[in-house]
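Here is what each chain is made of, one letter per residue.
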Amino acid sequence: MTDGCGRTIRYLRLSVTDLCNYRCRYCMPEAGVYKRPHREILSVEECVEIGQAAVNCGVKKIRLTGGEPLVRGGILEICRGLSSIEGLEELCLTTNGSLLPELAAPLRDAGVDRLNVSVDSLRPERFSHITRRGRLDDALAGIAAAERAGFTKLKCNVVLMGGINDDEIVDFVSLTEHKPWEIRFIELMPMGECAQWEKSRFIPAETVLEKVPALRPLKSSGTAARYGVPGWAGTVGLIRPMSHRFCGLCDRIRVTADGKLKPCLHSDAELPLRGLHGPELEEAIRRGIAQKPERHHLTEGGSDTLRNMNEIGG
């Protein structure tokens, strides 16, 4: 499927919950979010059915997101159902890592191909401050468990925040000297509560290249510009939704945990998918793809979406 701008859509980000065991300051309100009744959230069967319909429409990659997807009951059943879809080439999952010590091996057995783990600081006190309740040791233990379970090409997501964690850029990049990880620096976006943060918090990803001049460009991967230090085991990815609009390369759509298709993360457009089946469901997905906007308007007036990040799935 191609959208109205000629972009081929191959990637579905499927949120399985808007709940999380953290309260990251740029993502969730401190008090958490309203806990919806189970009937308002996509069932295991609906998640798999939407995944199947998306693959029928040309999607090749599905990423499970949240909130924190590993707090979702039935997450392994969802993974098993999606991984069995003929034509799906990659099933991924983004997590804060805290529950991976128990779930990394079962996720691998359930067909998950790759993991992204969010780690916004390598300093324990700062990590706890950013997440409001997380422990750095738990995240690191989760990464170690993922490696033991056989996950390779791990990606670590770092949201860049000026005056908060930008003094750790060199420390994060240094991890790639011996670890075959990709450290992905993501520009902070003005969504939810952080839309009111002072401008100094929003720094360009180019800051990474300024602080680590040894980095050299590599082949890009999706919306991430990739770099590496020659001879080092891992790589660095820069994701620049603010300073360099990557909308022209965007090949993804999103489905929220309550079953709304969002053609764009920052658009207020949402198409309901619940209650649709077979050709009717596929047609709704095609309509959503056709409505994908040319670009976002973050630099002009912020995000148009009415949801917090945890309610969309990143």
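Basis of the calculations
Residues numbered from 1 in each chain as written. Predicted model: local features only at pLDDT ≥ 70, side-chain atom pairs only at ≥ 80, totals over all residues. Heavy atoms only, no water. Phe/Tyr/Trp six-rings, centres within 6.5 Å; stacked < 30°, edge-to-face > 60°. Helix = DSSP H or I, 4+ residues; strand = E, 2+ residues; numbered from the N terminus. Buried < 20%, exposed > 50% of the residue type's maximum accessible area, 1.4 Å probe, protein only. Lys NZ or Arg CZ within 6 Å of the ring centre and 35° of its normal. Contact = heavy atoms within 4.5 Å. Pairing = 2+ DSSP bridges.

Caption draft 1: The arrangement of the packing of aromatic side chains in detail. This model, assessed by the stated rule, comprises two aromatic pairs. Ring geometry for Y22 and F127: centres 6.1 Å apart, planes at 85°, overall edge-to-face. Pair noted here: Y22 is in the loop between β1 (11-15) and α1 (44-56) and F127 is in helix α4 (residues 124-131), with a separation of 105 residues, a long-range link. Their ring planes at 90° and their centres at 6.2 Å tell us that F172 and F185 sit as a pair that is edge-to-face. In this pair, F172 is assigned in helix α6 (residues 169-174) and F185 in strand β6 (residues 182-187), connecting sequence segments 13 residues apart. Of the two residues, F172 and F185, both sit in the buried class. A cation over a ring is seen here: K61 above Y11, with NZ or CZ 4.4 Å from the ring centre.

Caption draft 2: Local environment of unusual backbone geometry. Here G66 and G67 are connected by a cis peptide whose omega angle stands at 25°. Position of G67 among the secondary structure elements: in the loop between β2 (61-65) and α2 (75-83). Residue R132 is not a glycine yet carries a positive backbone phi of 70°. Within the fold, R132 resides in the loop between α4 and α5 (136-148).

Caption draft 3: Structural context of the environment of C250. For C250, the location among the structural elements is in the loop between β9 (235-239) and β10 (252-255). As for C250 and L42, which are separated by 208 residues in sequence, their C-alpha atoms are 25 Å apart. Those residues within four positions of C250 in sequence are excluded, and the remaining contacts are R7, I9 and K292.

Caption draft 4: Focus on the pairing of β10. Burial along β10 is two-sided: the face carrying R252 and R254 and the face carrying I253 and V255 are both buried. As defined by bridge partners, β1 adjoins β10 across four bridges and the pair is classed as parallel. Within the sheet, the bridge partner assigned to R13 lies in β10 and is R254. Pairing of β10 with strand β11 (residues 260-262) involves two bridges; the strand directions are antiparallel. Residue pairing in the sheet places V255 in a bridge with L261 of β11. From the end of β10 to the start of β11, which pair antiparallel, there are four residues, and G259 there has a positive phi angle of about 85°.

Take it as geometry only, folks, not as evidence of what the structure does.
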